[in-house]
Amino acid sequence: IMKKSSRGVVMEQSKRLTILQMNDSHAYLELHPEVFIEQGVETYRHVGGYARIATIFNQAREENPGGVLALDNGDTFHGTYPAVASKGEALVPILNGLGFDGMTGHWEFAYGPEQLNKLVSMLNYPMLAANIYDQQTDERVFPSHRVIERAGLRIGVIGIAEHIVDKTMPPHFSTGIYFTLGNEELPGIIAELRDEKKVDLVVVLSHFGFPQEEKLVREVDGIDILLSGHTHNRLEKPVIINDTILIQSGCHGSFIGRLDVEFSDGKIQSFAHQLIEVTEELVPDPEVDKLVNAVMSPDRAMLEEVVGQTEVALNRYYQLETTMDNLLLEALLDATGAELAFSNGWRYGAPVVEGEITVNDLWNMIPTNPPVSTVEMRGAEIVAMLEENLENTFASDPYNQMGGYLKRCLGLKVYVKVENPTGTRIQSLFIGDQLVDDEKIYFVSFVTVQGVPKKYGTNRKNLDLHVIDALKEYLKKNPTVSPGLRDTVRLV
């Protein structure tokens, strides 16, 4: 459709595209507590749930019929008991009901590539990943992109999955496949979309992480919009780099990102962004609500069982140490009698407000429910492991950042200069009240190979006890807990 300007010049009429983003929802099917920092104070309120997300999607589609593009950055099929118990399958009808146009992933690989292929085959939309390859054939496992027509525009959507899956995650996540960064593949795909498929807009759907994506769009030209995932950033306003609009929208389905784009004369003329809180006051979509209740009902009584009380709010939103993980580590030390405890620096896990702790809260803390493990480690190995973890978390080159937050620790105190080069960040490390002895053997408890990678320590053992049961036992002995922050990691 063309129109004349006041000067008589023929111009293309503006077209409005609405992009809806969900990232890192981690299978949070219903309302859950979320932490907010307001007026400098932590506050908590209930938000989220796919039925309320459906309401937001429906409203957008009513406002802009035929002009809405809905995309999922991944970390969707894993993170809560119903998801893990069904290996992701319980979520498929719900996600289909939301009407997504594509997704990419990370924790989707937790059940192994074969199960992920099954999940994808059940979806009404594709998994997109330009950077995942078959080890035997070097062929892509999933399509790198798709072209979608909305609002009278041709939109090329390119997927980039999280590249650390075959580097730091458990080996079964990546059986038979390998991952690249995706940065080398992007220019060729963009050129194909622009030159051969004549798209109007290029959208990159990424689970790379905001620091990495910020570097990526500096290196790669021709990306109009990048939907960011993995690092759980709540971006109140977009970041513009190299003419690329970047947004990311929190985690746990607590927020939806909305980007309204006005397009004419071959480019984006203007845009408006909202970080939409999925509030409790939203009326749930009845059809999706019915699907959610069908998933939750069989296990609701079990999940709502109260197993303890906490005098402090438990959350997992801080880089160096968290109250939620201190509770987990206290349970590991209690179960094993070890001197030290380590777990991964997971980002996911909805907060637990001061008051009751339920079985559901325990599954949200650690849905993988791994066995409690022990290992013997020399002091020098502990230092080396923590230096490696500091590099993976705070590497100056974003492409070398691999993982979530800093490894969680209990039983030690470490003083760190985070700005120092690789291998020189730890200034001093105390175990108990003694400086670490490089040659001394320490008895360590941990969960998963991300807690203590296999290359460290000797006499590794998995106990006949999984961590959910260890937490329950700890709460039986200690019905009221107060796992406050202990300043375990101090920046100096």
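Reading the values: the criteria
- Residues numbered from 1 in each chain as written.
- Predicted model: local features only at pLDDT ≥ 70, side-chain atom pairs only at ≥ 80, totals over all residues.
- Heavy atoms only, no water.
- pLDDT = per-residue confidence, 0-100.
- Contact = heavy atoms within 4.5 Å.
- Pairing = 2+ DSSP bridges.
- Helix = DSSP H or I, 4+ residues; strand = E, 2+ residues; numbered from the N terminus.
- Axes fitted to C-alpha atoms, helices over the stretch in contact; angles between N-to-C directions.
- Buried < 20%, exposed > 50% of the residue type's maximum accessible area, 1.4 Å probe, protein only.

1. Comments concerning the confidence of the model for the protein
Confidence in the prediction for the protein averages 95 pLDDT; 98% of positions are at 70 or higher. Low confidence marks residues 1-6, where pLDDT is under 50. Its contacts with residues over four positions away, or in another chain, come to 13 contacts.

2. Looking at the sheet that holds strand β13 (residues 225-227)
Strands pair in a sheet through their backbones, by hydrogen bonds, and they do so in one of two ways: parallel or antiparallel. If you walk across this open sheet you meet the 6 strands as β9-β10-β12-β13-β15-β14, and the pairing is mixed. Of all strands in the sheet, those bounded by a partner on one side alone are β9 (145-150) and β14 (239-241). In this sheet, neighbouring strand axes are inclined to one another by 25 degrees on average, regardless of whether the strands run parallel or antiparallel. Where strand β12 (residues 201-206) and β13 come together, 3 bridges link them in parallel fashion. What sits directly across from V203, in β13, is I225. Packed onto the sheet, helix α5 (residues 186-195) meets β9, β10 (153-160) and β12 and runs at close to 165 degrees relative to β10. Sheet contacts for helix α6 (residues 210-219): β10, β12, β13, β14 and β15 (244-247); angle to β15, the most-contacted strand, approximately 175 degrees.

3. Examining unusual backbone geometry
With the exception of glycine, the majority of residues adopt a negative phi angle, and the majority of peptide bonds are in the trans configuration. Residues other than glycine seldom take positive phi values, yet D75 does so here, at roughly 55 degrees. What makes D75 buried here is its relative accessible area of 2%. Phi at N242 is positive, roughly 50 degrees, even though this residue is not glycine. Along the chain, N242 turns up in the loop between β14 and β15.

4. Details of the sheet that holds strand β16 (residues 255-264)
With mixed pairing, 5 strands are arranged side by side in an open sheet as β7-β6-β3-β16-β17. What marks the edges here is a single partner per strand, and that holds for β7 (102-103) and β17 (267-277). The pairing of strand β6 (residues 68-72) with β7 spans 2 bridges and is parallel. By the bridge assignment, L71 is partnered in β7 with G102.

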